[in-house]
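A look at the structure
One-letter residues, chain by chain:
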Amino acid sequence: MEELDVPQMRREVESLQYQLAINREKSSITVTELVKWIEGCVCDDPFLNPELMRANPWVEKGKCVIL
Amino acid sequence: MAAEKAEIDALKKECDGLRTQIEAARKAVNDGNMSSAAGSATDVGRVQLKLRKSLKGHLAKIYSMHWSSDSRSMVSASQDGKLLVWDTHTGNKLVAVPLKSAWVMSVAFAPSGNLVASGGLDNMCTVYNIKAASPKTLRELDAHTGYLSCCRFLSDNEILTASGDTTCCLWDLETGKQKIIFTNHIGDCMSLALSNDENTFVSGACDSLAKLWDLREGTCKQTFSGHTSDINAIQFFPNGNAFVTGSDDCSCKMYDLRSDQEVITYQDASLNAGVTSLTLSNSGRLIFAGYDDFNCHIWDSLKGEKVGVLSGHDNRVSCTGVPADGMGVCTGSWDSFLKLWN
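Everything numeric here is computed off the predicted structure, so don't read it as measured data.

1. What to know about the overall build of chain B
Helix and strand counts for chain B come out as two helices and 28 strands. Taking 20 Å as the expected radius of gyration for a compact globule of 342 residues, we find that chain B reaches 20 Å, a close match to that expectation. Overall size of chain B, expressed as C-alpha extent along the three principal axes, is 60 × 50 × 35 Å. With 342 residues in all, chain B has 62% of them scored as buried. Within chain B, residue pairs in contact and separated by at least 24 positions form 43% of the contacts whose partners lie at least 6 positions apart. As presented, chain B carries roughly 12,800 Å² of accessible surface, and 47% of it is formed by carbon and sulfur atoms.

2. Focus: the overall build of chain A
Each helix and strand counted, chain A has two helices and zero strands in total. Counting all 67 residues of chain A, 37% fall into the buried class. For chain A, the exposed area adds up to about 4,400 Å²; of that, 56% sits on carbon and sulfur atoms.

3. Here's the deal with the side chain of B:Lys253
Tracing the sequence through the fold places B:Lys253 in strand S20 (residues 252-256). Other than its neighbours up to four places away in sequence, B:Lys253 contacts B:Gly226, B:His227, B:Phe243, B:Val244, B:Thr245, B:Glu262, B:Ile264, B:Thr265 and B:Tyr266.

4. Here's the deal with the sheet that holds strand S3 (residues 73-78) of chain B
Residues and elements named next belong to chain B. A sheet is described by the order of its strands in space; here four strands give the open sequence S2-S3-S4-S5, paired in antiparallel fashion. Either end of the sheet is taken by a strand with one partner, and the two such strands are strand S2 (62-67) and strand S5 (92-98). Taking each pair of neighbouring strands and ignoring which way they run, the sheet shows an average axis angle of 20°. Pairing of S2 with S3 involves five bridges; the strand directions are antiparallel.

5. Considering the UniProt feature "repeat: WD" (unreviewed entry) in chain B
Residues and elements named next belong to chain B. In the numbering used here, UniProt assigns the feature "repeat: WD" (unreviewed entry) to residues 55-96, 141-181, 182-223, 224-265 and 310-342. With 0% helix and 61% strand, residues 141-181 has end C-alpha atoms that lie 13 Å from one another. Between the C-alpha atoms that bound residues 182-223 the distance is 13 Å, and the span itself is 0% helix and 55% strand.

6. Here's the deal with the packing of helix H1 (residues 6-20) of chain A against helix H1 (residues 2-29) of chain B
Contact pair H1(A) / H1(B): the axes reach a minimum separation of 9 Å and the direction vectors enclose 20°. Here H1(A) is positioned roughly parallel relative to H1(B), judged by the angle of their axes. In the packing of H1(A) onto H1(B), the handedness of the crossing is left-handed. Listed contacts from H1(B) to A:Val6, A:Met9, A:Arg10, A:Glu12, A:Val13, A:Leu16, A:Gln17, A:Gln19 and A:Leu20 of H1(A) are B:Glu4, B:Glu7, B:Ile8, B:Leu11, B:Lys12, B:Glu14, B:Cys15, B:Leu18, B:Arg19, B:Gln21 and B:Ile22. Among the residues making up the contact of H1(A) with H1(B), the classes are represented as ten nonpolar, three polar and seven charged.

7. Observations regarding the confidence of the model for chain B
Looking at chain B as a whole, the pLDDT averages 96, with 100% of positions reaching at least 70. Note on the complex model: pTM 0.94, ipTM 0.90.

8. Section: the UniProt feature "coiled-coil region" (unreviewed entry) in chain B
Per the UniProt entry, the sites bearing "coiled-coil region" (unreviewed entry) are residues 1-28 of chain B in this numbering. Helix makes up 96% of residues 1-28 of chain B and strand makes up 0%, while its end C-alpha atoms are separated by 41 Å.

9. A short note on the pattern of salt bridges
This model, assessed by the stated rule, comprises 18 salt bridges over all chains. B:Arg258 is the salt-bridge partner of A:Glu25, the closest N and O atoms lying 2.9 Å from each other. Of the two residues, A:Glu25 is situated in the loop between H1 and helix H2 (27-41) and B:Arg258 in the loop between S20 and strand S21 (261-266); the pairing between them involves two chains. The buried category is assigned to B:Arg258, whose relative accessible area is 18%. B:Asp300 is paired through a salt bridge with B:Arg285; the nearest N and O atoms lie 2.7 Å apart. You can see B:Asp300 sitting in strand S24 (residues 296-300) and its partner B:Arg285 sitting in the loop between strand S22 (275-280) and strand S23 (286-291), a full 15 residues away along the chain. Judged by relative accessible area, B:Asp300 falls into the buried class, the value being 1%. Accessibility expressed as a relative area gives 0% for B:Arg285, which makes it buried.

10. A look at H1(B)
Because an α-helix packs 3.6 residues into every turn, residues spaced three or four apart end up facing the same way. In this model H1(B) runs 41 Å from its N-terminal to its C-terminal C-alpha over 28 residues, within 8% of the 40 Å that 1.5 Å per residue would give. Along H1(B), the positions that sit buried rather than exposed are B:Ile8, B:Leu11, B:Cys15, B:Leu18, B:Ile22, B:Arg26 and B:Val29. Contacts made by the buried residues of H1(B) are with H1 and H2 of chain A together with strand S17 (220-224) and S21 of chain B.

11. Observations regarding the sheet that holds strand S19 (residues 242-247) of chain B
All names here are of chain B. Spatial strand order, S18-S19-S20-S21: four strands in an open sheet with antiparallel pairing. In the strand order of this sheet, the two ends are held by strand S18 (231-236) and S21, each with one partner. Taken over all neighbouring pairs, the strand axes of this sheet differ in orientation by 25° on average, direction set aside. One ladder, built from five bridges, connects S20 with S21; its direction is antiparallel. Across the sheet, residue Asp256 finds its bridge partner in S21, namely Gln261.

What counts and what doesn't
Residues numbered from 1 in each chain as written. Chains lettered and ligands numbered in written order. Predicted model: local features only at pLDDT ≥ 70, side-chain atom pairs only at ≥ 80, totals over all residues. Heavy atoms only, no water. Helix = DSSP H or I, 4+ residues; strand = E, 2+ residues; numbered from the N terminus. Rg over C-alpha atoms; globule rule 2.2 N^0.38 Å. Buried < 20%, exposed > 50% of the residue type's maximum accessible area, 1.4 Å probe, protein only. Contact = heavy atoms within 4.5 Å. Areas by Shrake-Rupley, 256 points an atom, 1.4 Å probe, with all protein chains shown as cover. Pairing = 2+ DSSP bridges. Axes fitted to C-alpha atoms, helices over the stretch in contact; angles between N-to-C directions. UniProt positions renumbered as here; feature names shortened; annotations may be inferred. Parallel < 35°, antiparallel > 145°, perpendicular 65-115°, else oblique. Left-handed = near helix turned anticlockwise from the far one by under 90°. Nonpolar A, V, L, I, M, F, W, Y, C, P; charged D, E, K, R; others polar. pLDDT = per-residue confidence, 0-100. Salt bridge = Lys/Arg side-chain N within 4 Å of Asp/Glu carboxyl O. Expected span 1.5 Å × (residues − 1).

Written as structure tokens, this is what we have:
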């Protein structure tokens, strides 16, 4: 998996310069916002809000059968 | 010869220097952590799902599955040489697509529901029209020099592929030609995930790195490290600001795009099996990860704890998927069955 030739290495340098230049935001803000966003969606998540799972499309009328 | 080696050494030094600078930049913004941010989050408790259906039809290992955007149909691929399209409400098979090459590794449903695509050790991505009277091959996308590990439609006109040749590729389905080739990984690309706005995608590879790409420019925008082995699975969080990876190193990780770094690792001392696949519940709070230990383990994405397990397969879980309506999860296995749980 080693990059050996000069053109490939030059492209890697360019790519790393480009990646270095991005704007990074403080994780205290980004992680807090991520948690808030996910928490906000929990009521719309059928796995976590039993109300939404009432109309269950996969419930068998009778016994579960392996077809 | 010596001049070339000297230049390569100089360039290597420059790369190492840049990587060190990137790590420093990450450290500089790392003033928060997930355990403190998630401390106040509500507990999800144990997540106990019931097996609702076992879909039998394939005759060999299932390698891949993908939900249709209607949350009802689903397509699965097996090395028995077939793609099967299922109606998951009735359990019936709707369409069977015979494959030219049985060594399939990935399958995808187009958002329109008109097309499916698959590929594998044949190094090609073949697109089929499944709305025709009998499945018709629309395109054979043949340019990768390694196996096809993953494919995802943007529309009926464009598809993104990941390959063992270390590249990802955006194809134009009208011409059958490559539009953009994404090169930067130094190991087999194993998985990809599109952002909701379709401006970016993330890829996971055998170089243990995940990369974020600009879909239209073709450039690698960010590179995420941390895993110590092949990344087999990758999925975006619904808000597009983070993604989760699953690896042969037996862990899953969440990476935050905005602070450009790993935020939390999902691992357990008792779990010594590689992660083959993963999918998220609609809020992103639950991660369903398929492992080599025949189970699909459920993680609380915020607290980093295991909150449940889906047991029932008799072999490795190779693929998982939650449909768009979020009403359940499908697991597919080398035991040739697909199981639906909610």
